Amino acid sequence: MTSQPPSSSRTSRRRKARKQASDSDPATQQDPGMPSRNPRAQTTSLESIRILPRTPKTPRSSDRGWTSQDGEPLDEVELSLLDENERRAAADGLALEDEMNHISGTHAVSKPISAKDKRAILLLVILYLIQGFPLGLALGSIPFLLREHLSYSQLAIFSLASYPYSLKLLWSPVVDSYFFPSIGRRKSWILPMQLIIGTIMLLISFNSEEFMNNPADHIYALSAAFTALVTFSATQDIAVDGWALTLLSEDCLSYAATCQTIGLNTGYFASFTVFLALNSESFAQKWGIPRLTLGSYLRFCSLFSFAVTIWLLFIKEDKESAEENINIKTVYSTMWNIVKLKNVQTLCILHLFSKIGWQANDAVTQLKMVEKGLGREDLAIAVLIDFPFQIFGGWIAGKWSRGDKPLRPWIWAFWPRLVLALIATLTVYWFPSPPISLGFFAILVIQTVAQSFAGTIQFGGISAFHTRIADPVVGGTYMTLLATFTNLGGTWPRFFVLKGVDWFSVATCQIKEAGHELSVKASECVSEHGKASCSELGGECITERDGYYIVSAICLMLGVVSVVFYMIPTARKLQSLPISKWRVYT
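The rules behind these values
- Residues numbered from 1 in each chain as written.
- Predicted model: local features only at pLDDT ≥ 70, side-chain atom pairs only at ≥ 80, totals over all residues.
- Heavy atoms only, no water.
- Helix = DSSP H or I, 4+ residues; strand = E, 2+ residues; numbered from the N terminus.
- Areas by Shrake-Rupley, 256 points an atom, 1.4 Å probe, with all protein chains shown as cover.
- Core = buried A, V, L, I, M, F, W, Y, C linked by side-chain atoms within 4.5 Å.
- Buried < 20%, exposed > 50% of the residue type's maximum accessible area, 1.4 Å probe, protein only.
- Contact = heavy atoms within 4.5 Å.
- Axes fitted to C-alpha atoms, helices over the stretch in contact; angles between N-to-C directions.
- Parallel < 35°, antiparallel > 145°, perpendicular 65-115°, else oblique.
- Left-handed = near helix turned anticlockwise from the far one by under 90°.
- Nonpolar A, V, L, I, M, F, W, Y, C, P; charged D, E, K, R; others polar.
- Pairing = 2+ DSSP bridges.
- Phe/Tyr/Trp six-rings, centres within 6.5 Å; stacked < 30°, edge-to-face > 60°.
- Salt bridge = Lys/Arg side-chain N within 4 Å of Asp/Glu carboxyl O.
- Polar contact = N/O pair within 3.5 Å; in protein donor to acceptor, adjacent residues only side chain to side chain.
- Expected span 1.5 Å × (residues − 1).
- Bend = angle between axes of the 7 residues up to and from the residue.
- Disulfide = S-S within 2.5 Å.
- Patch = residues over 30% accessible without salt bridge, like charges linked within 9 Å, V, L, I, M, F, W, Y side chains within 5 Å.
- pLDDT = per-residue confidence, 0-100.

1. Description of the overall build of the chain
Turning to step 1, where the next piece is worked out: Counting its secondary structure elements, the chain contains 23 helices and 3 strands.
Turning to step 2, where the next piece is worked out: Of the roughly 26000 Å² of accessible surface on the chain, a fraction of 62% belongs to carbon and sulfur atoms.

Following this line, the structure appears as structure tokens:
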């Protein structure tokens, strides 16, 4: 794979346009020793998956003479996070007149969407849809299908499959830099990734019944397969994000975020909400339809991926995108310079531990409800009802995050999230015997919506803070690093929480023979394997102490203590710092 030298004519015109606009507007005058504030380097991000780091854009030559704190030349690097406002501003190929309008604060009258842009929007939605299929399975439905067969320690192993999506920033510069010019910068990665994704899903489908019936014997193979699926989906996502910037015209760049929202969420909910319902035997019998098996669904997703890949062979990629060069060393050097800032280190630590209070709720509560008799189709309906409230929560968070205190909603949302986590734990404890009443199901829906709404408010607040503090010279890289640590805060504890549930649980096998009762310690009474082991001895497996309540209590206590003595004081301190304390340049 190779990369081509960048073209400089259009870049020179853009720089002249910026200079002319800056010279004519006194409000834009700055100290000569400081770099100009680039309005195109502002970004925000999206969680849930929450779905995150985005693809790097082409660095430009550092002829302005900007330097890092180490005194080394600093290239301007931008990473797209697929925010609607950013998409409008981040286009590398803006026409001169449009860019001058953007700099001067004027906007042209919106034009009708052309037929070419409509085809591009459809293509992007479909490409994002392919990502959603494996993510919905790995992060949504598969853990629920495995729950009755595996212990929580074994589920912890499978949870590792979600990690690659939070870490894709580490290899995104590679995806942007190496490609085959004859194929195209983006298609060089999209085509093989989709072929691999389709092939893996097809291979899993042939053994899906064995995997689902005896998952304990194949837990490592199953985890490896879905970890690979998520990794290749994340890689395809990087390439699609970058292609969106050149595939759409300047007037329609803002639709890139819409394409991702529609495509990714549709694929995710199809694999999670819709599949769980159609896979349920009780749902199929109730509505008189055939039950959808995992193997059939995986084959459908595989064939869909292959069909789209063949379609892409007949779509030409803009050659202009292959003319730009990305300096990998510069991108990684910029990341390191940002991480070395003391305040950034403090913020990253804050992110890594900020979600500890409700980790047991996020990782285990829904699994426990299913264990106690909640139907998978009922859970799917609750999640589906919650979706529009997430969108509304994002709008509210945007309004509350305005002004000089964008962390206010992030700080305020800590308490409702902790209270809701406690309520969820008590709900599991007092969960009624099935079938559950309509009134209790309504309570579950309200609880799910409230938890999601509080999470969306908190996410919107921290995203607004990231936008405020990010150095505009390296805004994209800055934002993506912070978004990565935000995601890791909700990802890394999951493995230990699931492990802890089994570790704190106490189970016994009660054996009754000839009027005598013998109690034998059992490993666990959650999975079918644990129950079958006791049944072979002629006994009944009983959970005397459920580790879920202990782990939940530990998380809640750690959450309350950390919020009172560290999270809120530290957040307020960071919020009060002047913007200059977050800058990378000298």
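2. Details of the nonpolar core
Turning to step 1, where the next piece is worked out: Counting 67 residues, the largest nonpolar core has Leu137, Ile142, Leu146, Tyr152, Ile204, Phe226 and Val364 as its most contacted members.
Turning to step 2, where the next piece is worked out: For this core, the element with the highest residue contribution is helix α4 (residues 115–146), accounting for 9 residues.
Turning to step 3, where the next piece is worked out: For Ile142, the contacting residues outside a window of four places in its chain are Leu137, Phe158, Phe226 and Leu294.

3. Observations regarding the packing of α4 against helix α13 (residues 294–312)
A packed helix pair is summarised by two numbers, namely the angle formed by the two axes and the spacing between the axes.
Turning to step 1, where the next piece is worked out: Direction vectors running N to C along α4 and α13 enclose 155°, while the axes themselves pass 11 Å from each other. Put simply, α4 runs roughly antiparallel to α13. Here the hand of the crossing between α4 and α13 comes out left-handed. Seen from α4, the contacting residues are Leu123, Ile126, Leu127, Leu129, Ile130, Phe133, Leu137 and Ile142; seen from α13, they are Leu294, Tyr297, Leu298, Phe300, Cys301, Phe304, Ser305, Val308, Trp311 and Leu312.
Turning to step 2, where the next piece is worked out: The class makeup of the residues in the contact of α4 with α13 is 17 nonpolar, 1 polar and no charged.

4. Section: the sheet that holds strand β2 (residues 516–522)
Turning to step 1, where the next piece is worked out: Taken in spatial order, the 3 strands line up as β2-β1-β3 in an open sheet, and their pairing is antiparallel. Among the strands making up the open sheet, the edge pair consists of β2 and β3 (539–545). Adjacent strand axes in the sheet meet at a mean angle of 30°, parallel and antiparallel pairs treated alike.
Turning to step 2, where the next piece is worked out: As judged from the 7 bridges shared by strand β1 (residues 506–513) and β2, these two strands associate in the antiparallel manner. In the sheet register, Ala507 faces β2, and the bridge partner there is Ala522.

5. Here's the deal with the pairing of β1
Turning to step 1, where the next piece is worked out: Two elements, β1 and β3, share 6 bridges in a ladder whose sense is antiparallel. In the strand pairing of β3, Val506 is matched with Arg545.

6. So, the packing of aromatic side chains
Turning to step 1, where the next piece is worked out: Applying the stated criterion across every chain, the model contains 22 aromatic pairs.
Turning to step 2, where the next piece is worked out: An angle of 45° between the planes, with centres 5.8 Å apart, marks the rings of Trp358 and Phe414 as tilted. Here Trp358 is found in the loop between α15 (342–353) and α16 (359–371), whereas its partner Phe414 is found in helix α19 (residues 414–429), with 56 residues between them in sequence. Residues Trp358 and Phe414 agree in their burial class; the two are buried.
Turning to step 3, where the next piece is worked out: Ring geometry for Trp492 against Phe496: centres 6.1 Å apart, planes inclined by 65°, an arrangement best described as edge-to-face. With Trp492 and Phe496 both in helix α21 (residues 475–504), this residue pair falls 4 residues apart, about one helical turn.

7. A short note on the pattern of salt bridges
Turning to step 1, where the next piece is worked out: Scanning all chains against the criterion turns up 4 salt bridges.
Turning to step 2, where the next piece is worked out: A salt bridge links Asp237 to Lys168; the shortest N-O distance between them is 2.3 Å. Linking Asp237 in helix α10 (residues 219–247) with Lys168 in the loop between α6 (163–166) and α7 (172–177), this pair joins segments that are 69 residues apart in sequence.
Turning to step 3, where the next piece is worked out: Lys168 sits in the buried class, given a relative accessible area of 0%.
Turning to step 4, where the next piece is worked out: Several salt bridges share partner residues, and in doing so they unite Arg147, Lys368, Glu371 and Asp546 into one network.

8. Structural notes on the side chain of Arg417
Turning to step 1, where the next piece is worked out: Among the structural elements, Arg417 can be located in helix α19.
Turning to step 2, where the next piece is worked out: Among the polar contacts listed, one links the side chain of Arg417 to the side chain of Gln458, at a separation of 2.9 Å.

9. What about unusual backbone geometry?
Turning to step 1, where the next piece is worked out: For the peptide bond that leads from Pro434 to Pro435, omega is 0°, which places it in the cis range.
Turning to step 2, where the next piece is worked out: Within the element layout of this structure, Pro435 appears in the loop between α19 and α20 (438–469).

10. Let's talk about helix α23 (residues 547–576)
Turning to step 1, where the next piece is worked out: The end-to-end C-alpha separation of α23 is 41 Å, in line with the 44 Å expected for 30 residues at 1.5 Å each.
Turning to step 2, where the next piece is worked out: Of all the bends in α23, the greatest measures close to 55° and is centred on Val563.
Turning to step 3, where the next piece is worked out: Looking at where α23 begins, the residue whose side-chain oxygen comes 3.0 Å from the main-chain nitrogen of Tyr548 is Asp546.

11. Overview of the state of the cysteines
Turning to step 1, where the next piece is worked out: Enumeration according to the criterion identifies 1 disulfide in this entry.
Turning to step 2, where the next piece is worked out: Between the sulfur atoms of Cys509 and its disulfide partner Cys534 the distance amounts to 2.0 Å. Because the sign of the S-S torsion sets the handedness, a value of about 90° for the bond joining Cys509 and Cys534 places this disulfide among the right-handed ones. Taken together, the residues span a long stretch of sequence, with Cys509 in strand β1 and Cys534 in helix α22 (residues 528–536) at a distance of 25 residues.

12. Some words on the environment of Lys342
Turning to step 1, where the next piece is worked out: Here Lys342 is to be found in helix α15.
Turning to step 2, where the next piece is worked out: A sequence separation of 240 residues divides Lys342 from Trp582, and the C-alpha atoms of the two residues are 8.8 Å apart.

13. A word on a nonpolar patch on the surface
Turning to step 1, where the next piece is worked out: Taken together, Trp415, Val560, Val561, Val564 and Phe565 make up a surface patch of nonpolar side chains, about 480 Å² in accessible area.
Turning to step 2, where the next piece is worked out: Tallying contributions element by element places α23 first for the nonpolar patch, with 4 residues.
Turning to step 3, where the next piece is worked out: Mapped onto the elements of the fold, Trp415 is located in helix α19.

14. Considerations on the confidence of the model for the chain
Low-confidence regions, as indicated by low pLDDT, have predicted coordinates that should not be scrutinised in detail.
Turning to step 1, where the next piece is worked out: Residues of the chain with pLDDT of at least 70 account for 75%, and the chain-wide mean is 77.
Turning to step 2, where the next piece is worked out: Note on residues 74–108: pLDDT under 50 across the span, and 119 contacts to partners over four residues away in sequence or across chains.

15. Quick notes on the packing of helix α8 (residues 187–206) against α10
Turning to step 1, where the next piece is worked out: Running from amino to carboxyl end, α8 crosses α10 at an angle of 155°, the nearest separation of the two axes being 9 Å. As far as their axial angle goes, α10 and α8 are roughly antiparallel. Considering how the two elements wind past one another, α8 and α10 form a crossing that is left-handed. The segment α8 lies against α10, with Lys187, Trp189, Ile190, Met193, Gln194, Ile196, Ile197, Ile200, Met201 and Ile204 engaging Ala225, Phe226, Ala228, Leu229, Phe232, Ser233, Thr235, Gln236, Ala239, Val240 and Trp243.
Turning to step 2, where the next piece is worked out: Class assignment for the residues of the contact of α8 with α10 results in 16 nonpolar, 4 polar and 1 charged.

16. Comments concerning the side chain of Thr309
Turning to step 1, where the next piece is worked out: Summarising the element assignment, Thr309 is placed in helix α13.
Turning to step 2, where the next piece is worked out: A polar side-chain atom of Thr309 sits 2.7 Å from the main-chain carbonyl oxygen of Ser305.
Turning to step 3, where the next piece is worked out: Setting aside residues no more than four positions away along its own chain, Thr309 makes contact with Leu191, Gln194 and Leu195.

17. Thoughts on the environment of Ile315
Turning to step 1, where the next piece is worked out: Tracing the sequence through the fold places Ile315 in the loop between α13 and α14 (328–339).
Turning to step 2, where the next piece is worked out: Relative accessible area serves as the criterion here: at 18%, Ile315 is assigned to the buried category.
Turning to step 3, where the next piece is worked out: The spatial distance from the C-alpha of Ile315 to the C-alpha of Lys187 is 9.5 Å, given a sequence separation of 128 residues.
Turning to step 4, where the next piece is worked out: Every residue in contact with Ile315, bar those within four places of it in the chain, is listed here: Leu123, Lys187 and Trp243.

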